[in-house]
Structure formats: structure tokens, C-alpha cells
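Letter by letter, the chains look like this.
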Amino acid sequence: MGYRRSMVAEHVANDADIAKVAALIADPTRAAVLTALLDGRALAAGELARLAGVSPATASSHLARLLAGGLVTVATQGRHRYYRLSGPEVAEVLEVLARVSPRPAVRSLRQSRQARLLEEARTCYDHLAGRAGVELLTHLVEAGHLVGQDAFELTAAGEAALAELGVDVAAARASRRRFAPACLDWTERRPHLAGALGAAVTRSLLERDWYRRGSARRVLEVTDLGRKGLAAMFSY
């Protein structure tokens, strides 16, 4: 029996050593740092310390562990070091964990308002999420622009529509990322569009000023121009 258990353990260990990654994420301070980086932008160590509610020295120690574990990358500009998630796959792991984690208690009107804004429209790493992201994917499918379920492909009509929006579809196809996977939204419990195409669409929405970054981290806010543009694009 001992031999058989050893063989099973060896097989599992050789499959993927998820314990090390899980241990890195499990610490509350490191989890706060990773969550702060979920909008895809790079932040300085001092800003991450403030957002995590710890001293700069403590933040630096945790960032060193995240860097060694491959969950973040760092770029140096002068005296400052800027950190960001190492890639979309890290963001996907965090989003999955968010779906199975309890919601934090809301203790103020400010927290309540921020929660509502995040539920309405936010970035999931570099693509549109929340109610707005789910509705965008629904409209793209209903309009016949996307076909599929767990992963999508553009139709000819969809490629033309997104080209009018300014989306570089060719560059999205050439990316090493998955082209257009569905990502289950942790607040809506329905999918939004992720991958290279989801990022390209969101980038175009921001460049066209249809959405703007809100005052709270990760929050996106639709503009009047965006409402009109989306209504014209999907005839609703």
C-alpha cells in the first residue's frame, strides 16, 4: 500500500506542482497585491504597499516572492520599480478563485458604491467584464458576429463590424494568446469575451472614448458617446 501511495504521489507531483503557486496566492498581503494588478497596468512598489495596507519594506518582501514564483514581472525606470502580472493566465487563476470565494463584507457607502461599479463594468486583466462585458458578448453572438460556446470564432460579418470599431483582428489572431475564449464572469456568473480578441475590443472601446477608466481601480464607465455607438452597432 505504501508503494502504491508513493507512486500516486509521484505521478501527481510530476503533473504540476500547484502547491507552490497556491501558497504564494494564499497569503492575504500577496493576494491583495495580485488583485491590485488585475487591471493589467503596472504599479510601483510604493503604490502596491499602500493598496495592500502594509509598509514598503513588507511589500518589497512579498513582491520578491511573487517575482521569484513567476506571478509578476518588474521593470525599472530610474529609482522606481514597476510591477505587473506576468500574463493573462495569472489573471485567469485569480478570477477563478474569485468565483469560489466569499464576498467581503460591505461596511460603508463608499464600499457599496464601488462594489456596484465593479459589477457594472470593470477590467478583467485587459478585457471588459462585469454586466457590460457579459452584455457585449451576448450582443455579439445574437448579432451573428461570433459563433461558438466555450471559445468563439468571428464570422465575416463580425470581422467587418469589429474592423469598423477599429479592432485589429489580424493582430489578435497572430497573438500567442487564445483568440476568443469565454471567461466566466465572477459577478454575473455568465461569460464575457476574453483572450486576444477580448483585449483588442476593449482597447478599441477605450481609444474611441466609448468607455473611460473610473475613479476606482478596475472600474470602467460608459460614456454618452459609447451608449450611442453601442446602440447603433447592435440596433438596441
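Residues numbered from 1 in each chain as written. Predicted model: local features only at pLDDT ≥ 70, side-chain atom pairs only at ≥ 80, totals over all residues. Heavy atoms only, no water.

A.B. asks: Can you help me understand empty space enclosed by the protein in this one?
C.D. replies: In this approach a probe as big as a water molecule rolls over the atoms, and the regions it shows empty are the leftover space. Under the definition given, this model contains one cavity of 30 Å³ or more. Volume-wise, the largest cavity comes out at about 50 Å³. What lines the largest cavity is simply His127, Leu128, Gly133, Leu136, Leu137, His192, Leu193, Gly198, Val201 and Thr202. Elements supplying a minimum of two residues to the lining of the largest cavity: strand 5 (127–129), helix 8 (130–142), strand 9 (191–193) and helix 11 (195–207). Residue classes in the lining of the largest cavity are distributed as five nonpolar, five polar and no charged. (1 Å grid on protein atoms, 1.4 Å probe; cavity = no way out; pocket = protein on both sides within 12 Å on 5 of 7 lines; lining within 4 Å. Points joined across faces, edges and corners; volume = space filled by probe spheres on them. Helix = DSSP H or I, 4+ residues; strand = E, 2+ residues; numbered from the N terminus. Nonpolar A, V, L, I, M, F, W, Y, C, P; charged D, E, K, R; others polar.)

A.B. asks: Help me out: how do you make sense of the pairing of strand 2 (residues 72–77) in this one?
C.D. replies: As a general feature of sheets, a regular strand has side chains that alternate between the two faces. Where strand 2 and strand 3 (residues 80–85) come together, six bridges link them in antiparallel fashion. Across the sheet, Thr76 pairs through a bridge with Arg81, a residue of strand 3. Linkage of strand 2 to strand 3, two consecutive antiparallel strands, is achieved through a turn of two residues, within which Gly78 is found at a positive phi near 65°. (Pairing = 2+ DSSP bridges.)

A.B. asks: How should the pattern of salt bridges be read in this particular structure?
C.D. replies: Oppositely charged side chains are able to pair whenever their charged atoms sit close together. What the rule picks out here adds up to 15 salt bridges. Residues Arg217 and Asp39 are paired through a salt bridge, measuring 2.9 Å at the closest nitrogen-oxygen approach. Placement of the pair is Arg217 in the loop between strand 10 (211–213) and strand 11 (220–222) and Asp39 in the loop between helix 3 (28–36) and strand 1 (43–44), with a sequence separation of 178 residues. Look at Asp39 and you get buried, because its relative accessible area is 2%. Between Arg177 and Asp126 there is a salt bridge; the shortest N-O distance is 2.6 Å. A residue pair is termed long-range when its members are at least 10 positions apart, and Arg177 in the loop between helix 10 (169–174) and strand 8 (182–184) and Asp126 in the loop between strand 4 (122–124) and strand 5 qualify at 51 residues. Look at the salt bridges and you will find they share partners, linking Glu120, Arg131, Glu188 and Arg190 into a network. (Salt bridge = Lys/Arg side-chain N within 4 Å of Asp/Glu carboxyl O. Buried < 20%, exposed > 50% of the residue type's maximum accessible area, 1.4 Å probe, protein only.)

A.B. asks: Can you help me understand the environment of Ile18 in this one?
C.D. replies: With respect to the element layout, Ile18 can be found in helix 2 (residues 18–26). For Ile18, a relative accessible area of 64% puts it in the exposed group. For the pair Ile18 and Ala98, spaced 80 residues apart in sequence, the C-alpha separation works out to 17 Å.

A.B. asks: Any chance you could explain helix 11 here in plain terms?
C.D. replies: An α-helical turn contains 3.6 residues, so a residue and the one three or four places further along point in the same direction. Over its 13 residues, helix 11 extends 18 Å from the first C-alpha to the last, a length consistent with the 18 Å expected when each residue adds 1.5 Å. Three or more residues of helix 11 are buried, namely Gly195, Ala196, Leu197, Gly198, Ala199, Ala200, Val201, Thr202, Ser204 and Leu205. The first or second residue beyond helix 11 is Asp209, which carries a positive phi of 65°. (Expected span 1.5 Å × (residues − 1).)

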